[in-house]
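# Inside the fold
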Amino acid sequence: PEMALLRFLLCLFAFIGALAAAGTLVVSIVLMLRFPPLLVAVLLACWILNRLLKVLSASIQNKPTKNTAT
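The sections below set out a description of the structure shown in this document. Treat the numbers as computed from the prediction; the structure is a model and nothing was measured. Each chain has its residues counted from 1, following the order in which its sequence is written. At least 70 in pLDDT is required for a residue's local features to be given in this predicted model, at least 80 for side-chain atom pairs to be given and counted, and no such filter applies to totals for whole chains, interfaces and linings, which use all residues. Side-chain measures were taken over the full set of non-hydrogen atoms in the model, leaving aside hydrogen atoms and water.

What follows concerns the packing of helix α1 (residues 2–34) against helix α2 (residues 36–62). Note on geometry: axes are lines fitted to C-alpha atoms, helical ones only across the stretch in contact, with angles between N-to-C directions running from 0 to 180 degrees. A run of H or I in DSSP counts as a helix once it spans at least four residues, and a run of E counts as a strand once it spans at least two, with each numbered from the N terminus. Where α1 meets α2, the axes come as close as 5 Å, and the angle between the chain directions of the two elements is 115 degrees. Where α1 abuts α2, its residues Leu 31, Met 32 and Arg 34 lie against Pro 36, Leu 38, Leu 39 and Val 42. Residues were grouped as follows: Ala, Val, Leu, Ile, Met, Phe, Trp, Tyr, Cys and Pro as nonpolar; Asp, Glu, Lys and Arg as charged; and all remaining residues, including Gly, as polar. Its residues placed into classes, the contact of α1 with α2 shows six nonpolar, no polar and one charged. Residue contacts are defined here by distance: any two heavy atoms, one from each residue, within 4.5 Å place the two residues in contact.

Here is the structure:
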């Protein structure tokens with residue numbers, strides 16, 4: 001019986017977390033459409049993150065590992 005209660009609480013918290021995430025996403029989209037500078041800032045941040053991830057992945061692929069140097 002206590003296992004069913006724990007499973008119910010886990011599902012309840014997962015559902016509440018999913019609702020909170022969806023609500024946060026909707027509110028942020030509404031704010032970005034309401035205030036265009038916020039949209040520009042978010043797009044700029046996504047572009048910078050994309051470039052940074054490309055640079056980091058390229059540097060990781062070009063760097064040899066320690067095991068191949070033996």
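This brings us to a nonpolar patch on the surface. Surface patches are defined over residues having more than 30% relative accessible area and no salt bridge, joining like charges when they lie within 9 Å and nonpolar side chains (Val, Leu, Ile, Met, Phe, Trp, Tyr) when within 5 Å. The Shrake-Rupley method, run with a 1.4 Å probe sphere, supplies the accessible areas, and residue values consider only the shown protein chains as cover. A pair is scored as a salt bridge if a Lys or Arg side-chain nitrogen falls within 4 Å of a carboxyl oxygen belonging to Asp or Glu. On the surface, a nonpolar cluster with roughly 1000 Å² of combined accessible area is contributed by Met 3, Leu 5, Leu 6, Phe 8, Leu 9, Leu 12, Phe 13, Phe 15, Ile 16 and Leu 19. Checked against the element boundaries, Ile 16 lands in helix α1.

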